[in-house]
Amino acid sequence: MASKKLLTVFGATGLQGGSVINSILGDPKAAAQFSIRAVTRDPSKPSAQRLTANGVECVVADMDDKDSLRSALKGAYAVFVVTNFWEKMNADAEIQQGKNVADIAKELDVQHLVWSSLLNVTKLSGGKLDKVLHFDSKATVEEYIRQIGIPASFFLPGLYMSNIPGRMMRLNPAANEFMLGLPIPGTSPIPLLDTAADTGKFVKCILLNREKSLGKRFLGATDYYTPEQIVDDFKAVKPASGQGAKFSELPTAVFKGILASTGLSEDLQEEMLQNMQLMPEFGYYGNESLTESQSILDEPLTTWKEFVAKTPVWADLH
Ligand SMILES: NC(=O)c1ccc[n+]([C@@H]2O[C@H](COP(=O)([O-])OP(=O)(O)OC[C@H]3O[C@@H](n4cnc5c(N)ncnc54)[C@H](OP(=O)(O)O)[C@@H]3O)[C@@H](O)[C@H]2O)c1
């Protein structure tokens with residue numbers, strides 16, 4: 001049997017990278033083609049230990065330290081790269097991390113780089129929404145990857161379904177009713193992704209279909225859901241607890257106040273507000289259909305109803 005191609009996975013201990021590893025290992029065809037090298041800064045953390053226990057090679061590297069990336073990418077045929085804006089909350093740092101990996105991938109002749117990207121909201125909105133830095137930064141790295149000419153594909157995750165239970169949608173104890181409160185109309189289209197389960201379904205097929213995928217963007221979402229649909233589906237799956245559940249369009253000041261109470265700075269409150277406004281005003285994906293991106297898949301994606309039924313956060317609800 002021909003030897004396997006090496007796939008280096010950044011973010012292996014996190015949601016997106018972890019999903020990529022699970023999908024490759026769980027698919028006989030992909031597992032026969034690829035061996036995996038997982039990157040972490042801390043091999044002693046439980047999520048890294050679990051990978052090692054499952055026979056996955058773990059290497060220590062830090063996207064802030066370009067030299068450390070050579071050992072992570074040495075001999076790699078492909079690489080999945082995700083950066084975590086929210087760790088430093090600094091766009092320049094995120095751009096530098098992405099460029100560091102891209103530079104070393106180019107130097108070591110990696111044949112397929114899959115970058116976890118997002119759109120440039122400043123450009124998409126003609127400058128109106130110019131504070132969504134964690135989107136713009138990823139788009140800047142995408143542009144850099146295209147410019148330096150690495151064979152690459154771009155995976156653009158939708159809004160995480162896991163952001164909703166207990167966070168965007170919570171029990172209002174005074175009314176004993178669940179409320180989804182967002183600063184946008186209830187008819188706004190929100191592309192939702194079950195990140196842990198479904199990132200890997202896309203990335204696996206992108207890797208297995210390299211020729212078809214090179215240079216392309218893949219919009220990573222199950223569907224566009226409106227806030228009203230999100231609430232209705234919740235009520236359908238949890239009819240007892242969901243009674244009276246509502247969507248509420250929050251005034252911007254109230255939305256920012258909620259974020260302020262979690263300690264988010266004024267700049268980041270504005271960033272999150274504009275991130276929300278993007279969806280009704282210009283579209284999270286510039287109003288593009290998901291059909292072409294999904295045509296590469298070989299297994300179904302998780303619906304919001306299925307996610308509601310399985311999420312541990314709402315396991316006690318009926
Ligand atoms: N929430 C949403 O709705 C949404 C939607 C679209 C995109 N996103 C984007 O998703 C990204 C986060 O991805 P995720 O959810 O998969 O992250 P996550 O679960 O929080 O995990 C972060 C991963 O990044 C790795 N990492 C962080 N800094 C690193 C560094 N300097 N060098 C090497 N590895 C590093 C961590 O590895 P170790 O700690 O093990 O080293 C960890 O595996 C963010 O940039 C966010 O903007 C989020």
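Residues numbered from 1 in each chain as written. Predicted model: local features only at pLDDT ≥ 70, side-chain atom pairs only at ≥ 80, totals over all residues.

Quick notes on the UniProt feature "domain: NmrA-like" (unreviewed entry) in the protein chain
Item 1. The positions that UniProt labels "domain: NmrA-like" (unreviewed entry) are, in the present scheme, residues 4–307.
Item 2. Helix makes up 45% of residues 4–307 and strand 19%, and the two end C-alpha atoms of the span are 34 Å apart. (UniProt positions renumbered as here; feature names shortened; annotations may be inferred. Helix = DSSP H or I, 4+ residues; strand = E, 2+ residues; numbered from the N terminus.)

Quick notes on the site of the ligand
Item 1. Taken together, 29 residues sit near the ligand, with Thr13, Gly14, Gln16, Thr40 and Arg41 positioned nearest.
Item 2. Sorting the residues of the shell around the ligand by element identifies helix H1 (15–26), strand E2 (34–40), helix H5 (85–88) and strand E7 (159–160) as the ones contributing at least two each.
Item 3. Class assignment of the residues belonging to the shell around the ligand gives a composition of 12 nonpolar, 11 polar and six charged. (Near = placed C-beta within 6 Å. Nonpolar A, V, L, I, M, F, W, Y, C, P; charged D, E, K, R; others polar.)

Quick word on helix H13 (residues 266–281)
Item 1. For H13, built from 16 residues, the straight-helix expectation of 22 Å at 1.5 Å per residue is met to within 8% by its first-to-last C-alpha distance of 22 Å.
Item 2. For H13, the complete set of buried residues consists of Leu268, Glu271, Leu273, Gln274, Asn275, Met276, Leu278 and Met279.
Item 3. Turning to H13, the residues buried within the fold contact helix H7 (121–124), helix H8 (133–148), strand E9 (177–182), strand E10 (190–193) and helix H12 (252–261).
Item 4. At the exit of H13 stands Gly283, carrying a positive phi of roughly 90°. (Expected span 1.5 Å × (residues − 1). Buried ≥ 20, exposed ≤ 12 C-beta atoms within 10 Å, placed from the backbone. Contact = placed C-beta atoms within 7 Å.)

What about the packing of H12 against H13?
Item 1. Close contact between H12 and H13 brings their axes to 9 Å; oriented N to C, the two are set at 130°. In terms of their interaxial angle, H12 and H13 are classed as oblique. Crossing of H12 over H13 shows right-handed handedness. Contacts between H12 and H13 involve Thr252, Phe255, Lys256, Leu259 and Ala260 from the first element and Gln269, Met272 and Leu273 from the second.
Item 2. Class assignment for the residues of the contact of H12 with H13 results in five nonpolar, two polar and one charged. (Axes fitted to C-alpha atoms, helices over the stretch in contact; angles between N-to-C directions. Parallel < 35°, antiparallel > 145°, perpendicular 65-115°, else oblique. Left-handed = near helix turned anticlockwise from the far one by under 90°.)

Quick notes on the nonpolar core
Item 1. One finds Leu7, Val9, Phe10, Val79, Phe80, Ala105 and Leu113 to be the most contacted residues of the largest nonpolar core, which totals 83 residues.
Item 2. Aside from chain neighbours lying at most four places away, what touches Ala105 is Leu73, Val79, Val110, Leu113 and Ile150. (Core = buried A, V, L, I, M, F, W, Y, C linked by C-beta atoms within 7 Å.)

Structural notes on the pairing of E2
Item 1. For E2, the tally of buried residues reaches six of seven residues, placing the bulk of the element in the interior.
Item 2. Here strand E1 (residues 5–9) runs beside E2; their pairing, made up of five bridges, is parallel. Note on E2: the bridge partner recorded for Thr8 is Arg37.
Item 3. Taken together, the four bridges between E2 and strand E3 (residues 57–60) define a ladder with parallel strand orientation. Its bridge partner being in E3, Arg37 is matched across the sheet by Glu57.
Item 4. With respect to chirality, the unit in which E2 leads through helix H3 (residues 46–53) into the neighbouring parallel E3 is right-handed. (Pairing = 2+ DSSP bridges. Right-handed = clockwise from strand over helix to strand, strands pointing away.)

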